[in-house]
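# Structural overview for review
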Amino acid sequence: TAIPPAEDPVTGVGTVIEKPDSPPELCLGPVRESWPVQCEGIALSGWDWTANPPDAQTDAGSPLTRWGVYAVDGTFDGATLTVTGAVSLALYDTMAQPSPTPVPPPDLSDAQWDVVESALRATPGLLTSGRSDDRGPVLVSVVHDDGSIQAWADASFGPGAVVVTSALR
């Protein structure tokens, strides 16, 4: 029922935004392209705009909103990412992540796939979910999975029905 904490340091790639009267957040999912941009994310502790200048900011019609796109390193307790370092995404060199060995999805009816997708809407830290085709698994992106969300999905729906990807790695 809660987002699993990370035992080891993690890196998250996304938009850091600070809205009026709110602490900075790291948005790991979709960002609405408006002015200013809009998104919801996880709380950041120790964010420093002096060390990490914003890509943009505006005070048009309201107090200051500022944001930028970064790779943020830190520790994650299940709710807050405590920042230990950050770099502008323009300067970030990603390392290739190991690809999991694909498991063929189970042969489920359309109604059964609907049940799987519906059940996944309550996944802790859900960012996105969906299927790429009629035969494929449900692809789920979450804030953080220590393996327990994937294990739950495998036990609940069968191995290969759901592929969970953690945004904090």
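Structure report, in brief.

Parameters at a glance
- Residues numbered from 1 in each chain as written.
- Predicted model: local features only at pLDDT ≥ 70, side-chain atom pairs only at ≥ 80, totals over all residues.
- Heavy atoms only, no water.
- Helix = DSSP H or I, 4+ residues; strand = E, 2+ residues; numbered from the N terminus.
- Patch = residues over 30% accessible without salt bridge, like charges linked within 9 Å, V, L, I, M, F, W, Y side chains within 5 Å.
- Areas by Shrake-Rupley, 256 points an atom, 1.4 Å probe, with all protein chains shown as cover.
- Salt bridge = Lys/Arg side-chain N within 4 Å of Asp/Glu carboxyl O.
- Lys, Arg positive; Asp, Glu negative; His and termini not counted.
- Charge placed at Lys NZ, Arg CZ, Asp CG, Glu CD.
- Phe/Tyr/Trp six-rings, centres within 6.5 Å; stacked < 30°, edge-to-face > 60°.
- Buried < 20%, exposed > 50% of the residue type's maximum accessible area, 1.4 Å probe, protein only.
- Lys NZ or Arg CZ within 6 Å of the ring centre and 35° of its normal.
- Arc of directions from axis to C-beta.
- Contact = heavy atoms within 4.5 Å.
- Core = buried A, V, L, I, M, F, W, Y, C linked by side-chain atoms within 4.5 Å.

With that settled, the discussion passes to unusual backbone geometry. Cis geometry is adopted by the peptide bond preceding P36, which originates at W35 and carries an omega value of 0°. Position of P36 relative to the elements: it lies in the loop between strand 2 (25–27) and strand 3 (42–45). Unusually for a residue other than glycine, D21 sits at a positive phi of about 60°.

The next subject is a negative patch on the surface. On the surface, a cluster of negative charge is made up of D110, D114, D133 and D134. Assignment of secondary structure puts D134 in the loop between strand 7 (126–131) and strand 8 (138–142).

Time to look at the packing of aromatic side chains. In total, this model carries five aromatic pairs according to the counting rule given. Ring centres 5.4 Å apart and planes at 85° place the aromatic pair W152 and F157 in the edge-to-face group. The class for W152 is partly exposed, based on a relative accessible area of 38%. Members of the aromatic cluster, connected to one another through ring pairs, are W47, W49 and Y70. A cation over an aromatic ring shows up here: R131 above the ring of W113, its NZ or CZ 4.2 Å from the ring centre.

What follows is about helix 2 (residues 148–157). Side chains that are three or four residues apart share a direction in an α-helix, a result of its 3.6 residues per turn. Here helix 2 has its buried residues at I149, Q150, A153 and F157. Take helix 2 and look down its axis: the buried residues cluster within an arc of 100°, on one side only. Along its buried surface, helix 2 packs onto helix 1 (110–120), strand 8 and strand 9 (162–166). At the exit of helix 2 stands G158, carrying a positive phi of roughly 100°.

Our focus in this paragraph is the nonpolar core. In terms of nonpolar packing, the biggest core is built from 18 residues, with V72 and F76 touching the most fellow members. Listed by contribution, the elements that provide at least two residues to this core are strand 1 (10–18), strand 3, strand 5 (65–76) and strand 6 (80–88). Once you skip the residues sitting within four places of it in the chain, V72 turns out to touch V10, T11, G12, V16, L26, L44, W47, L81, V83, G85 and A86. Core analysis: the second largest hydrophobic core is formed by 12 residues, W113, V116, L120 and V162 among them.

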